[in-house]
Each structure stands twice: as C-alpha cells, then as structure tokens.
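Structural features, examined
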Amino acid sequence: LKVLITGAGGYIGSVLQAVLTQRPEVAGQRVDAIALVDRVLPGAAGPRRVAIEGDLTDSAVLERIADFRPDTTFHLAGVPGGASEADYLVGRRTNLDATLALFEQLAQQRRDADRAPVVVYASTIAVYGTRLPPVVKQETPLQPPLTYGAHKRVCEILLADFSRRNELDGRTLRLPGIVARRSAGPGLTSAFMSDVLHALADGVPFEAPVSEEATAWWMSARRCAENLVHAAGMDLTGADPGRAWPMPVLRLSMRDIVNTCAEAFGPDRKSLVAYRPIESVEAVFGRYPVLDDAPSRALGLLDDGTPLALVLRALGREA
Ligand SMILES: NC(=O)c1ccc[n+]([C@@H]2O[C@H](COP(=O)([O-])OP(=O)(O)OC[C@H]3O[C@@H](n4cnc5c(N)ncnc54)[C@H](O)[C@@H]3O)[C@@H](O)[C@H]2O)c1
C-alpha cells in the first residue's frame, strides 16, 4: 500500500509518521511506501520514504504526487485559523484551492485503478461554530464563524461529492484542539490547553486564561493520529453520505485536567495554577457542550480512554 501524508512536517503529521513507523499498516494492509509532502521536511529521507518538499499550491508538487500514485492520502496540510483570518488569500490558497486541486488530482488516478483512492481529511470542530445547543449531534447545523472553518466545511462537502461520484473514497474527521504541542506560541488562543500540561509536568507555575469550570473537548496527538489511521480502513457501508465525523472526545474541565496532573506528577501541582479568566477565551474554549459522538464510536474511532491516559499520552509518556 502506498500512503501520502500532506503537512507531514507539522505537529500531527510528525506523530502520524511515528505511528506508521511503529506499525506500518493501514486498512489491514502493509504500508510499502510513504510519500511526505511539506514545505520543509528535515530528515525525511529513509527507507520506504519519499520526500516531496514544496508547496501544495505548486503544480510541480501535484505532479510528483500523481507520479507516486497513493492508495491512501492523509491530507493534513493546512493554514491555521488565526493566520487564515489575518490573511484571507494565504488561507484560501492552501485550505481551499490547493485542497480542491489535490482532490481533483487524486480523483484523476481513479480512471485506471480498481478502486477509488482513499482520502482521510483533517477538518475541525471549528465548523460547528460557537452558538451551540447543549448536545452537539450529527444533525446539528454547521455554522463556521471564521474563514478557516468555512473553507474546511467547503472541502468536507467537496470530498463527500467526490465520494458520491466514486472518484475518491473520502473520510473527514473533525479534530478538536489536539494536545500537547510544545510552545504553540502566543498567536494560538487554544495554546493554553497544551501549555498547562507541559507546565504542570515540568513543575512550573501556570496562569490559566479560563476558569476552573471551563470545559473543553480534549484529545492527545497520539490518539488523533491513531484515529486518522483507523479512519482509512473504516467500513462505510450504509454510513452517512456526508462522510464527516467528529473525533470522539473526553469532555473535561480545567479542574479535571489539573487534578489529573496532580495525580500524575504530584499533589503540589495544584498550587502552581492561577486562574485569570479572559471572557473572550472562556467563551470559545470554556463552554463546550456535550458531543454526541456515538456515530463516530460506532465506526471504531476512540477517545483517550481516561483523563490520566490523555495527559500521559499527550506528553508522550504513555505507560
Ligand atoms: N492541531 C489541532 O489542534 C487541529 C485542530 C483541528 C484541525 N486541525 C487540522 O489538522 C491539520 C494538521 O494540523 P497540525 O496541528 O499538524 O498543523 P501544523 O500547522 O503543525 O502542520 C501543518 C503543516 O502543513 C504544512 N503546510 C501548510 N500549507 C502548506 C502548503 N501549501 N504546502 C505544503 N505544506 C503546507 C505546514 O508547513 C505544516 O508543517 C491541519 O489541516 C489543521 O487545520 C488541527
């Protein structure tokens, strides 16, 4: 099986590479070769690895992808929400134009293949919007509040349409904020969700921009990558033709997270946290409703299991 990862040099792409190195299997088939696409790919060369260094908006990169002829593609390349909002064209070129061009390129491969190429697409819970009902369900109307979510939603629809046409076999997963990225930087409002885990593991003081009660959806990068791999092999007979599912999540408050860190790293950790809620942050990252992820679980997608497993896995310390 030939596998392509776009955005392979990014945060989730790197963890996905590690997961596929440890267990080179997708949809019950042995992975024979992996092509990696990103603007920069340090140290990507290796056995059964093809490095395609360049920009996905460049037709030469698409041609190299066509030459590789992937059976399964994990499309992770994307411009984050803040950057997409700050510069419309920067977001549009990758999140919309290059994504459609990639889908079209892969769909062309279908003409002389036995089966449609599988595409696992990393969308986002940002497609849901911020004015949510108490329980978010599969049929909850999607109201992406920002350009980033709007472009992701458009590409979900396009991938479902390519699947209906039997030119691609698409599987969209809507990712929650994934933890624990090292120094995500001040530009990323959700960075505190990663920062709190690193701070408490390292035993350094942490100022939370949300209250103790702030409740969010949590998932480790490791579980996220495992779910992406699982998605490539899901049996979609009779499944929703929209072909888009949220990843199952643990819904936890900051208090739950801090208590779990105290359990993992020592009771002194609790006193390291000062809560200084910022209303705008609390509004977006502190009031996540219940997610009815039963349809995702029915397809075999998983959350991290327990808060302790989430914390340890997010920090790469899984037992
Ligand atoms: N990390 C999260 O919490 C999260 C949440 C929801 C959705 N997602 C989505 O998951 C995907 C992966 O996220 P991540 O956290 O690993 O992001 P990341 O920013 O760490 O990695 C994305 C990678 O894509 C590459 N890239 C972007 N545009 C490109 C282009 N035009 N050509 C070539 N490479 C390009 C970047 O260089 C980067 O290495 C993204 O599409 C993102 O929107 C992530």
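Up top is the structure.
Thresholds applied
- Residues numbered from 1 in each chain as written.
- Predicted model: local features only at pLDDT ≥ 70, side-chain atom pairs only at ≥ 80, totals over all residues.
- Heavy atoms only, no water.
- Pairing = 2+ DSSP bridges.
- Helix = DSSP H or I, 4+ residues; strand = E, 2+ residues; numbered from the N terminus.
- Axes fitted to C-alpha atoms, helices over the stretch in contact; angles between N-to-C directions.
- Contact = heavy atoms within 4.5 Å.
- Parallel < 35°, antiparallel > 145°, perpendicular 65-115°, else oblique.
- Left-handed = near helix turned anticlockwise from the far one by under 90°.
- Nonpolar A, V, L, I, M, F, W, Y, C, P; charged D, E, K, R; others polar.
- Buried < 20%, exposed > 50% of the residue type's maximum accessible area, 1.4 Å probe, protein only.
- Phe/Tyr/Trp six-rings, centres within 6.5 Å; stacked < 30°, edge-to-face > 60°.

Here the focus is the sheet that holds strand E6 (residues 72-75). Spatial ordering of the open sheet is given by E5-E4-E1-E6-E7-E9-E13, a layout of 7 strands whose pairing is parallel. Edge positions in the sheet fall to strand E5 (49-53) and strand E13 (244-246), since each of these pairs with one other strand and no more. Averaged over all neighbouring strand pairs, the angle between strand axes comes to 20°, with direction disregarded. Here strand E9 (residues 169-175) runs beside E13; their pairing, made up of 3 bridges, is parallel. Along E13, the bridge assignment pairs Thr172 with Ala244. Against the sheet, helix H2 (residues 59-68) makes contact with strand E1 (2-6), strand E4 (33-38) and E5, and its axis sits at roughly 160° relative to E5, the strand it touches most.

This part takes up the packing of helix H6 (residues 191-202) against helix H8 (residues 254-265). It is the contact of H6 with H8, at a shortest axis distance of 10 Å, that shows an interaxial angle of 25°. Overall, the two elements H6 and H8 adopt an arrangement that is roughly parallel. Pair H6 / H8 crosses with right-handed handedness. Of the residues in H8, those touching H6 at Phe192, Val196, Leu197, Leu200 and Ala201 are Met254, Ile257, Val258, Cys261 and Phe265. A per-class count over the contact of H6 with H8 returns 10 nonpolar, no polar and no charged.

Now for the pairing of strand E7 (residues 118-124). Across the 7 residues of E7, 7 count as buried, placing the element largely inside the fold. Residues Val118, Val120, Ala122 and Thr124 line one face of E7 and the alternating positions Val119, Tyr121 and Ser123 line the opposite face, and both faces are buried. Pairing of E6 with E7 involves 4 bridges; the strand directions are parallel. Residue Phe74 lies in a different strand from E7, and its bridge partner there is Val120. Bridge analysis of E7 against E9 gives 7 bridges, and the strand direction is parallel. Note on E9: the bridge partner recorded for Val119 is Gly170.

Let us now look at the packing of aromatic side chains. Per the counting criterion, the structure on display carries 5 aromatic pairs. Ring geometry for Phe103 against Phe162: centres 6.3 Å apart, planes inclined by 75°, an arrangement best described as edge-to-face. Of this pair, Phe103 sits in helix H4 (residues 88-109) while Phe162 sits in helix H5 (residues 147-164); the two residues are 59 residues apart in sequence, bridging distant segments of the chain. Summarising the aromatic geometry, the rings of Tyr128 and Trp217 are spaced 6.4 Å apart at their centres and angled 85° between planes, so their arrangement reads as edge-to-face. Taken together, the positions of Tyr128 in the loop between E7 and strand E8 (135-136) and Trp217 in strand E12 (residues 215-220) put the pair 89 residues apart, joining distant regions of the chain. Across this residue pair, the class does not change: Tyr128 and Trp217 are buried. Members of the aromatic cluster, each reached through a chain of ring pairs, are Phe103, Tyr121 and Phe162.

The values reported here are purely geometric and, on their own, carry no functional implication.
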